[in-house]
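The lines below spell out each chain.
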Amino acid sequence: MRLILLGPPGAGKGTQAQRLVERHGIVQLSTGEMLRAAVKAGTPVGRKAEAIMARGDLVPDEVVVAIVSDRIDQPDARRGFILDGFPRTVPQAEALERILAEKGLRLDGVIELKVDEGALVKRLESRIAEMTARGESVRADDNPEALKTRLGVYRKQTAPLIDYYGKKGTLKSVDGMASVGQVAEAIGFALTPKIGARGG
Ligand code: ADP
């Protein structure tokens, strides 16, 4: 199974991706995590991305597209994957289409997590508090200023993908305001082929 999880920062993409990993035995490909690992390791990509990420802006399309294309070729992604945080722009979505076509792969669906913006800020605040309580270091972009930028970038550059995938007929929207378990259930339902469904 090959899926895209779409939604604003704090929508719960990572949490739901984890559940899907366990349930379907596929891998989670989080471009944010891959980039944070590159920053930590001090690779050329990491050095390029660090300041951009800290302020909440997007890393250039060609950088993330190359990372994703390589990652999809790894043996553990052969059974399927969940793209979490990619694509984030229409050019990235177009590049993904080309990459998958070249590799002879196709997407099974795009899941949108719909969440109120007000709730996102509250979720982020509790994530910071929980991480601090556990003694973990907080992400460089988990601060009010960068969050504002991340939300603005989402609205302007990523939200158009909802329309993009809607027109292709691959989009399935799920209420991301429900509990973690309920959201997971709704995703499972959205991914179940509708036996006997007509016209759609
Ligand atoms: P969130 O969804 O919580 O904002 P992510 O972990 O997905 O966080 O991404 C963190 C940061 O990594 C983004 O703000 C951006 O700078 C960079 N990034 C991640 N994925 C992409 C992408 N597909 N294109 C460009 N930049 C990306």
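As a reminder, the structure under discussion sits directly above these lines.
Residues numbered from 1 in each chain as written. Predicted model: local features only at pLDDT ≥ 70, side-chain atom pairs only at ≥ 80, totals over all residues. Heavy atoms only, no water.

Q: Help me understand the environment of Val-183, please; the structure alone is not making it clear to me.
A: Structurally, Val-183 can be placed in helix H9 (residues 180–191). Each C-alpha atom, one on Val-183 and one on Leu-113, is 8.5 Å from the other, the two residues being 70 residues apart in sequence. (Helix = DSSP H or I, 4+ residues; strand = E, 2+ residues; numbered from the N terminus.)

Q: Can you walk me through the site of the ligand in this structure?
A: Taken together, 18 residues form the shell around the ligand, and within it Thr-31, Arg-36, Asp-57, Gly-85 and Gln-92 come nearest. Asp-57 has a polar backbone atom sitting 2.5 Å from an oxygen atom of the ligand. Note that a nitrogen atom of the ligand is positioned 2.9 Å from one of the side-chain N or O atoms of Gln-92. With four residues, helix H2 (residues 31–41) is the single largest residue contributor to the shell around the ligand. (Near = heavy atom within 4 Å. Polar contact = N/O pair within 3.5 Å; in protein donor to acceptor, adjacent residues only side chain to side chain.)

Q: What is the right way to read the packing of helix H4 (residues 61–72) against helix H5 (residues 90–103) from this model?
A: Between two packed helices, the angle of one axis relative to the other and the distance separating the axes together describe the packing. The N-to-C vectors of H4 and H5 enclose an angle of 30 degrees; their axes lie 10 Å apart at closest approach. As judged from the angle between their axes, H4 and H5 are roughly parallel. Crossing handedness for the pair H4 and H5: right-handed. Contacts between H4 and H5 involve Asp-61, Val-64, Val-65, Ser-69 and Ile-72 from the first element and Pro-91, Gln-92, Ala-95, Leu-96, Ile-99, Leu-100 and Lys-103 from the second. Tallied by class, the residues present in the contact of H4 with H5 amount to eight nonpolar, two polar and two charged. (Axes fitted to C-alpha atoms, helices over the stretch in contact; angles between N-to-C directions. Parallel < 35°, antiparallel > 145°, perpendicular 65-115°, else oblique. Left-handed = near helix turned anticlockwise from the far one by under 90°. Contact = heavy atoms within 4.5 Å. Nonpolar A, V, L, I, M, F, W, Y, C, P; charged D, E, K, R; others polar.)

Q: What's the story with unusual backbone geometry in this structure? I'm lost.
A: In terms of backbone geometry, most residues other than glycine have negative phi values and most peptide bonds are trans. Phe-86 connects to Pro-87 through a cis peptide bond whose omega is -5 degrees. Position of Pro-87 relative to the elements: it lies in the loop between strand S3 (81–84) and H5.

Q: Is there a simple way to think about the pattern of salt bridges in this case?
A: Pairs can form between side chains of opposite charge once their charged atoms are near each other. Scanning the entire structure with this criterion turns up 13 salt bridges. Glu-117 is the partner of Arg-155 in a salt bridge, and the nearest nitrogen-oxygen pair spans 2.8 Å. Linking Arg-155 in helix H7 (residues 144–158) with Glu-117 in helix H6 (residues 117–133), this pair joins segments that are 38 residues apart in sequence. What makes Arg-155 partly exposed here is its relative accessible area of 49%. Across the pair Arg-150 and Asp-141 runs a salt bridge, and its minimum N-O distance is 3.8 Å. When salt bridges with common partners are traced through the structure, they connect Arg-127, Arg-139, Asp-141, Asp-142 and Arg-150 into a single cluster. (Salt bridge = Lys/Arg side-chain N within 4 Å of Asp/Glu carboxyl O. Buried < 20%, exposed > 50% of the residue type's maximum accessible area, 1.4 Å probe, protein only.)

Q: Any chance you could explain the pairing of strand S4 (residues 109–114) here in plain terms?
A: On any regular strand, side chains alternate: one points to one face of the sheet, the next to the other face. In terms of burial, S4 is a largely internal element, five of the six residues being buried. Examined bridge by bridge, strand S1 (residues 2–6) and S4 share four bridges and lie parallel to one another. By the bridge assignment for S4, Leu-6 is matched with Glu-112. Taken together, the five bridges between S4 and strand S5 (residues 171–175) define a ladder with parallel strand orientation. Looking at S5, one finds that Val-110 is bridged to Leu-171. (Pairing = 2+ DSSP bridges.)

Q: Just to check I follow, could you spell out the side chain of Lys-13 for this structure?
A: Within the fold, Lys-13 resides in helix H1 (residues 13–24). Lacking a salt bridge, the buried Lys-13 has Asp-84 as its closest oppositely charged neighbour, with an N-O distance of 4.9 Å. If we skip the residues at most four places from it in the chain, Lys-13 touches Leu-5, Leu-6, Gly-7, Pro-8, Asp-84, Gly-85 and Leu-113. (Lys, Arg positive; Asp, Glu negative; His and termini not counted.)

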